[in-house]
Structure formats: structure tokens, C-alpha cells
Amino acid sequence: LRWFSASKDEGHNKQIEDAMRTILSELGEQPEREGLLKTPSRYAKAMRFFTQGYHQDLDTVLNKAIFTEDSDEMVMLRNIELFSMCEHHLVPFHGRAHIAYLPRGKVVG
């Protein structure tokens, strides 16, 4: 997977940064305070990173790593680290996932 590049979306980040300044102000903070000056920019970059999966193509992510396999036994992957975002609260969360599947002639990996 490619690492997120904030410079590609910098034009779009301005709206997110402006919105974050508004949120900070509404919370009683002073966005122009030294400790918060770069917070809107950091927040915009973080949100782009957290939501980058929405724009990723599965074929690109898999990179042709689907192989023919005669096995009909279950394939299991455990402790897959995941990062996502709660769409109801817009806060990030992380955890581990476990998946299992029957190959049906093809395996991923």
C-alpha cells in the first residue's frame, strides 16, 4: 500500500482546516494560540489518512496476489492489525481482526 501523501490533497485540506478552526473556536479554544496553530493542518492530514481506504482500489491493494490452489481446507488469518474510523463519532479506533475462508480454487497471498 502506498503511504498517504498530504501534498496531493493540500487544496482540499483548506476546507477541513477551516472547519477545524471553527470547531476549536466553538469549543472555547483559541485556534491562533501557539499550541493549536498547526492543529487544523495536522487534523486534515490525519482525516485524509484515516479515510484513505475509501479511495483505494482492491486490485491495486492485492497486487495480483491471487493464486490457484487445489486445497479445499479452510484458510485462516489471525491478528490482522486494523485501523478504522467510527462513522457515527468520527473518531479513530484500532484493533485486530481474524478471518477465515474456503479457497474454492483460489487463495489470496
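Placed above this text is the structure.
Okay, so let's go over this structure. Just so we're clear, the structure is a prediction, and the values are computed from it rather than from any experiment.

## Here we look at the overall build of the protein chain
In step 1: Counting secondary structure elements, the protein chain contains three helices and four strands.
In step 2: In the protein chain, buried positions account for 17% of the 109 residues.
In step 3: Excluding contacts between residues fewer than 6 apart, the proportion of contacts in the protein chain whose partners are at least 24 apart in sequence is 55%.
In step 4: For the protein chain, the exposed surface amounts to about 9200 Å²; the carbon and sulfur share of it is 54%.

## Things to note about the pairing of strand β2 (residues 75–86)
In step 1: Pairing between β2 and strand β3 (residues 91–101): 10 bridges, direction antiparallel. Its bridge partner being in β3, Cys 86 is matched across the sheet by Val 91.
In step 2: Counting the residues in the hairpin turn of β2 and β3 gives four residues, including Leu 90, whose phi is positive at 55°.

The rules we used
Throughout, a residue's number is its position along its own chain's written sequence, starting from 1. At least 70 in pLDDT is required for a residue's local features to be given in this predicted model, at least 80 for side-chain atom pairs to be given and counted, and no such filter applies to totals for whole chains, interfaces and linings, which use all residues. The basis for the side-chain values is all heavy atoms of the structure; hydrogens and waters are excluded. Runs of E in the DSSP output that reach at least two residues are strands. Runs of H or I that reach at least four are helices, and both are numbered from the N terminus. Accessibility here uses a 1.4 Å probe with only protein chains present; expressed as a share of the type maximum, an area under 20% marks a residue as buried, one over 50% as exposed, and anything in between as partly exposed. By definition in these notes, contact holds between two residues if any of their heavy atoms fall within 4.5 Å. Surface accessibility follows the Shrake-Rupley procedure with a 1.4 Å probe radius. Residue values consider only the protein chains on display as shielding. Two strands are counted as paired when DSSP detects at least two bridges linking them.

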